[in-house]
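Residue strings, one per chain:
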Amino acid sequence: MSDFHKLTIQNIVKETPSAVSIAFEIPSNLKETYTFIPGQYITIKTEVDGEEIRRAYSICSSLQSGEVRVAVKEIAGGTFSVIANNQLKTGDALEVHPPEGHFLLNTNTNAANTYAAFAAGSGITPIMSMITSVLQEEPDSKFVLVYGNKSPEETIFYSQLTALQEQYADRLFIEFVYSKSQQDNAHFGRIEKPIVNFVVKNKFKDTDFEAFYLCGPEEMINEVTSILEENGIVKDRIHFELFTSSTETAEIDVALEGKATVTAIVDDEEFTFVMDQKKTLLDAALDEDIDAPYSCQGGVCSSCICKVVEGTAVMEKNSILTDSEVAEGLVLACQAHPTSASVKIDFDDV
């Protein structure tokens, strides 16, 4: 993962008391490299107390903005999120990986679609890019957003969204949901079955949605997905991105007691090493100083996807890859353990 570039912070905006958005200056020779599809994320790499850390943040800017901007919500006890909200300033430089990810909305100027999104908290960031890009790029398309937060004050992009709603009154429809604040023209509670059903079975019952985009905690995503399927929405139209994952892991029914010889292909180079099967493929590769791609290390992003070319490996948990992708041999290296004596994995062929 050697294609990080040092980018300068162009500006920082305080979006809520606990969240900022950061825009990076993109040099002219890197404009194409940092071209993105709405929904994609960038990985930021920096050092804290001599230790390298990487964090993935979704791009929240529109295609027409000319910006690469991300939003960072401060997490209590966090590392980079605390620095971003309290220490970073315009002119600082950070190592940034080009956009990547599989949570995508490809716009088409000739499209006349209606999209729906369910977002909670900072899960709005990739959705914001999708909404603004659709409104600007697809003049005949509409967007329905269901957005959950504690209160309006803690709602990232609240003023931007309400302004967009006024500007595109016949194309953008927002259902705000607050769990700690009762407001006029908003729902009280969380994004749960009554609210999902209100949207798809009541207010927009005659709407044929092209696609649904879900972003936020895993519990919300699982619940909304289940309710949409109950309402006859086919799985192929439901897309999601986790911002937080459950701590539950699957029980691996294979004894991980031995060693495995692993061959890893990264950036057209081949590395071979012996590892303990109790380790994950990613941890073992990093221990060998191999520059394997990664970001969250928690099975939430898709940076560390690789293909098992030879041998077998099993994942502790998987909330990202589809059944067909797993059947192709794809695994999340941060969750996968080798289960055969020798394994060959390819980080390039994904």
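Up top you'll find the structure we're talking about.
A brief look at the structure comes next.

Criteria and cut-off values
Residues numbered from 1 in each chain as written. Predicted model: local features only at pLDDT ≥ 70, side-chain atom pairs only at ≥ 80, totals over all residues. Heavy atoms only, no water. Helix = DSSP H or I, 4+ residues; strand = E, 2+ residues; numbered from the N terminus. Buried < 20%, exposed > 50% of the residue type's maximum accessible area, 1.4 Å probe, protein only. Polar contact = N/O pair within 3.5 Å; in protein donor to acceptor, adjacent residues only side chain to side chain. Pairing = 2+ DSSP bridges. Axes fitted to C-alpha atoms, helices over the stretch in contact; angles between N-to-C directions. Parallel < 35°, antiparallel > 145°, perpendicular 65-115°, else oblique. Left-handed = near helix turned anticlockwise from the far one by under 90°. Contact = heavy atoms within 4.5 Å. Nonpolar A, V, L, I, M, F, W, Y, C, P; charged D, E, K, R; others polar. Salt bridge = Lys/Arg side-chain N within 4 Å of Asp/Glu carboxyl O.

1. Section: the side chain of H97
Following the sequence through the fold, H97 ends up in the loop between β6 (93-96) and β7 (114-120). On the basis of relative accessible area, H97 is assigned to the buried category, the value being 8%. Here the side chain of H97 touches D3 through a polar contact of 2.9 Å, side chain to side chain.

2. Quick notes on the sheet that holds strand β17 (residues 330-332)
Read across the sheet, five strands follow the order β14-β13-β19-β15-β17 without closing on themselves; strand pairing throughout is mixed. Two strands bound the open sheet, and with one partner strand each, they are β14 (269-276) and β17. In this sheet, adjacent strand axes meet at a mean angle of 35° when their direction is disregarded. Pairing analysis gives five bridges linking strand β13 (residues 259-266) to strand β19 (residues 342-346), with the strands arranged parallel. Opposite T261, over in β19, you have S342 as the bridge partner.

3. What about the packing of helix α4 (residues 193-203) against helix α5 (residues 218-230)?
Packing of α4 against α5 brings their axes to within 10 Å, and their N-to-C directions diverge by 45°. In terms of their interaxial angle, α4 and α5 are classed as oblique. In the crossing of α4 with α5, the sense of the turn from one axis to the other is right-handed. Facing α4, whose interface residues are K193, V196, N197 and V200, α5 presents E223, V224, I227, L228 and E230. In terms of residue class, the contact of α4 with α5 is built from five nonpolar, one polar and three charged.

4. Notes on the pattern of salt bridges
Working definition: two side chains of opposite charge can pair if their charged atoms are close together. As enumerated under the stated definition, the model contains 10 salt bridges in all. Between R54 and D291 there is a salt bridge, with the nearest N and O atoms lying 3.5 Å from each other. With R54 in strand β4 (residues 51-58) and D291 in the loop between α6 (281-287) and β15 (305-310), this pair connects stretches of sequence that are 237 residues apart. The class for R54 is buried, based on a relative accessible area of 5%. For D291, a relative accessible area of 31% corresponds to the partly exposed category. R237 is the salt-bridge partner of D208, the closest N and O atoms lying 3.0 Å from each other. Of this pair, D208 sits in the loop between α4 and β11 (211-217) while R237 is found in the loop between α5 and β12 (238-244), placing the two residues 29 residues apart along the sequence. On the basis of relative accessible area, D208 is assigned to the exposed category, the value being 60%. Three or more residues joined by partner-sharing salt bridges are found here, namely E52, R54 and D291.

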